[in-house]
Every structure is written in structure tokens, then in C-alpha cells.
Amino acid sequence: MNLKQLDPSHLHAHLDGDASHSHSIEARSQKALAVALGLTLLFAVVEVITGFISNSLALISDAGHMVTDAAALGLALLAQLIAKRPPSARHSFGFVRAEALAAFVNCLAMLGLVGWIGYEAVQRLLHPEHVQGGIVLVVAALGASINLLVAWILSRNNDSINTRAALVNVMGDLLGSLAAIASGAIIYVTGWLQADPILSIFVALLILRSTSGILRESYHFLMEGVPHAIDYVQVGADMAAVDGVLAVHDMHVWDMSPGHPALIGHIEIRSLEEWPPVLEAVRAMLRERHGIDHVTLQPEAAGGKSL
């Protein structure tokens, strides 16, 4: 058969005995992200306008955070749509990494927002500006209600790293709304203008803490790091301990998609005739002890000969 006439879907197919993971995401619904995006974007516009009217940094920060949330949710929705696409002749692994990439970009945007809030807060501590506390209090309370609703929607569908990243953004925004409420109340009752930048800095630090975890997780996945739940050294030791295995080398372990680890490596055995039972034993061990079912191994007979 002419190789150019091969159906790419056949090359991606998993036959009996192959790993059971999928190269695409089929079961996840985008409805939750779409609803959350609509609510967040709508109220972001409201907060941007009222933030500048009231001259409140806490409210403007919360508005900026909601705009970032809207971008995060939009990227999350787009990434999940892309991730549903099956593998192709040019993308044999599929598009599941689009989710981690979007989460990584979202986190970088959050870091930029934190830097801006910090800079503005310092400026206002040095040079306090008048803030209309009453407007801040009312709008921030409405924002907190929207954030609670969006967080509840996302928490019911948080099985992907990208949705969790969006949820972190929303939870950070909820903290921003609570800080804005406190800022508005303090200024309205006491007239103490420094409450606005101080609470903004507090929220920025909380956002920084929550964002860093998702940033590390998405970076680790994009760099094909060893899954956190897997002990790389122990996996190699367990493979070497299988009867018939003389040595293990050139071994790599990574996540094909979140929660679906894969392993490739070379195994030295006494003779190539022993390979079928050794392969079955190694695969069974990896599946039972380490949860790795996508395994690609190359046998090498003692002395360097390989299949």
C-alpha cells in the first residue's frame, strides 16, 4: 500500500493491548465557561466605568481583574474547543496541550496585573486621591455576587487545568471585590483614603500566591516534566527488578495529557527470544504500581543487538 494513501486516523488508533488514553477531549462541556465568560465580561464593563467615576484604585483593580478573568475564560473556552480536535497527520499528539498553554498565558497576564496594582498602590500611598466610597461599596458588593456565581459555575466543571486556572482568577477577583467593599466602607465612614491602596496591595499579594501554583503546574506540563505523582527513579528500579530485565536506560516519563502518563525507554535482556513475556511483565507492573499504561519500549539483547 502506498504510504501517502494511509488514513492518519488509523495510525492514531489504539488496538487491543494499547493504552486507553485519548489524544483529544470529548466529554467536557463548554457551557460553564461560556456562561461564566458572559457574566464576567458584562460586569467588567460596569466596574471599569464606575471605577473611574469613583476614582477608586481598589475598584479599578477589581475591574482590571475582571477584564483579565474575561480574557482567561475566553482563552479557556477557545483552548477546550481546540483540545477537542482529534490528532492529525501534522499533530500526532492531538491538541490537549492547548489547555495548559492557555493556562500559562493567563497566569502571565495575572502577574502583569499584580505589578500594575502594586505600582499604582504605592503612588496613591504617597499621594492620596479622593475616592467616592459609597459608589465603591455598592458596585463592589454587586461584583462579589457575580464572582460567587461564576466561581460556583466553574467549580462544577473543574477537571481541567485550564478551568482550574480560570477558577483561580475568579477566586482572586472575589477577594478583590471583598477588598473593594472594605475600602468603600472605610472611606465612606471614616474618610481614610489610604485604605484604598493598602487593600489593593493585600489583594495583589493574594492573587500572586494563587497564580504561582497554576503557573508552575502548567509550565511543568508544557516542559513534559515527570508527573508529580510518579517517582521516576522508583519506576526505573521496578522495571530493572522484573525477571528477565538486565538493565534499563534512555527512559522518559511525561504526561500525554493531564492524568495520562506515558513512558518510553530501552530495556536490555538476555536474548530477544525472551522479549514477549518480559514486555508483558513490565507493562503489567507499570500499570499496576505506577498507573502508566502508555508504554513504548525497545528491547536490546546483551551485547547491543536490538529489534
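Sequence order as written defines residue numbering, which begins from 1 separately in each chain. Reporting in this predicted model follows two pLDDT cut-offs: at least 70 for local features of residues, and 80 or more for side-chain atom pairs to be given and counted; totals over whole chains, interfaces and linings ignore these cut-offs and use all residues. As a convention, hydrogens and water are excluded, and side-chain values are obtained from all of the structure's heavy atoms.

*Asks:* Mind showing me how you'd approach helix H8 (residues 232-240) here?
*Replies:* Because each turn of an α-helix spans 3.6 residues, side chains separated by three or four positions in sequence point in the same direction. Here's how the labels work: a residue is buried when its accessible area is under 20% of the maximum for its type, exposed when over 50%, partly exposed in between, all with a 1.4 Å probe on protein chains only. Numbering of helices and strands starts at the N terminus; helices are DSSP runs of H or I of at least 4 residues and strands are runs of E of at least 2. Of the residues making up H8, those classed as buried are Val235, Gly236, Asp238 and Met239. Projected onto a plane normal to the axis of H8, the buried residues spread over an arc of 165 degrees and lie on a single side. Whenever a nitrogen or oxygen atom comes within 3.5 Å of another N or O atom, the pair is scored as a polar contact, on the condition that within protein one atom can donate a hydrogen and the other can accept it, and that pairs from neighbouring residues in sequence are kept only if both atoms are in side chains. Where H8 begins, the capping side chain belongs to Asp231, and its oxygen is found 3.2 Å from the backbone nitrogen of Val233. Think of it as the arc spanned by the lines of direction from the helix axis to the C-beta atoms.

*Asks:* Would you mind showing me how to read the side chain of Asn147 here?
*Replies:* Within the secondary structure, Asn147 sits in helix H5 (residues 133-155). Owing to a relative accessible area of 1%, Asn147 belongs among the buried residues under this scheme. The contact criterion used throughout is that any non-hydrogen atoms of two residues lie within 4.5 Å. Those residues in contact with Asn147, other than ones at most four positions away along the chain, are Met66, Val170, Asp173, Leu174 and Ser177.

*Asks:* Help me understand the pattern of salt bridges, please; the structure alone is not making it clear to me.
*Replies:* Think of a salt bridge as a Lys or Arg side-chain nitrogen and an Asp or Glu carboxyl oxygen that are within 4 Å of each other. Tallied over the entire structure, the rule returns 4 salt bridges. Between Asp238 and Arg289 there is a salt bridge, with the nearest N and O atoms lying 3.5 Å from each other. In this pair, Asp238 sits in helix H8 while Arg289 sits in helix H9 (residues 275-290), placing the two residues 51 residues apart along the sequence. The class of Asp238 is buried, set by a relative accessible area of 10%.

*Asks:* How do you make sense of the UniProt feature "transmembrane region" (unreviewed entry) in the chain when you look at a structure like this?
*Replies:* When the UniProt feature table is mapped onto this chain, "transmembrane region" (unreviewed entry) is found at residues 32-53, 65-83, 95-119, 131-154, 166-191 and 197-215. Along residues 32-53 one finds 100% helix and 0% strand; the C-alpha atoms at either end are 32 Å apart. Taken end to end, residues 197-215 comprises 100% helix and 0% strand; its first and last C-alpha atoms sit 26 Å apart. UniProt positions are given in the numbering used here, feature names are shortened, and annotations may be inferred rather than shown by experiment.

*Asks:* What am I meant to see in the sheet that holds strand E2 (residues 260-269) here?
*Replies:* One key point about sheets: their strands pair by backbone hydrogen bonds, in either a parallel or an antiparallel sense. Strands are treated as partners if at least two bridges between them are detected by DSSP. Overall, mixed pairing links the 3 strands, which are arranged E1-E2-E3 in an open sheet. Because the sheet does not close on itself, it has two edges, and the strands there are strand E1 (245-257) and strand E3 (294-301). Recorded for the sheet is a direction-independent mean angle of 10 degrees between the axes of neighbouring strands. Strand direction decides the pairing type here: E2 and E3, joined by 8 bridges, are parallel. By the bridge assignment for E3, Ile267 is matched with Pro299. With axes taken as lines fitted to C-alpha atoms, and helix axes fitted only over the stretch in contact, angles between N-to-C directions fall between 0 and 180 degrees.

*Asks:* Looking at this structure, I do not really get helix H7 (residues 195-222). What am I missing?
*Replies:* Between its first and last C-alpha, H7 extends 40 Å over 28 residues, near the 40 Å set by a 1.5 Å rise per residue. In the segment just after H7, Glu224 is the residue with positive phi, at about 55 degrees. To estimate the expected span of a helix, subtract one from its residue number and multiply by 1.5 Å.

*Asks:* Mind showing me how you'd approach the confidence of the model for the chain here?
*Replies:* When pLDDT drops low, the exact placement of atoms in the prediction is not to be read closely. Taken over all residues, the pLDDT of the chain has a mean of 78, while the share at 70 or more is 79%. Confidence of the prediction at every residue is given by pLDDT, a number between 0 and 100. For the stretch residues 6-28, pLDDT sits under 50, and the model shows 43 contacts to residues farther than four places along the chain or on other chains.

*Asks:* Looking at this structure, how should I read unusual backbone geometry?
*Replies:* If a residue is not glycine, its phi is most likely negative; likewise, a peptide bond is most likely trans. Its identity as a non-glycine residue notwithstanding, Glu224 has a phi of 55 degrees, on the positive side. Inspection of the secondary structure puts Glu224 in the loop between H7 and H8. Residue Glu224 is classed as partly exposed on the basis of its relative accessible area, which comes to 44%. A positive phi angle, near 50 degrees, is found at Asp250, a position not held by glycine.

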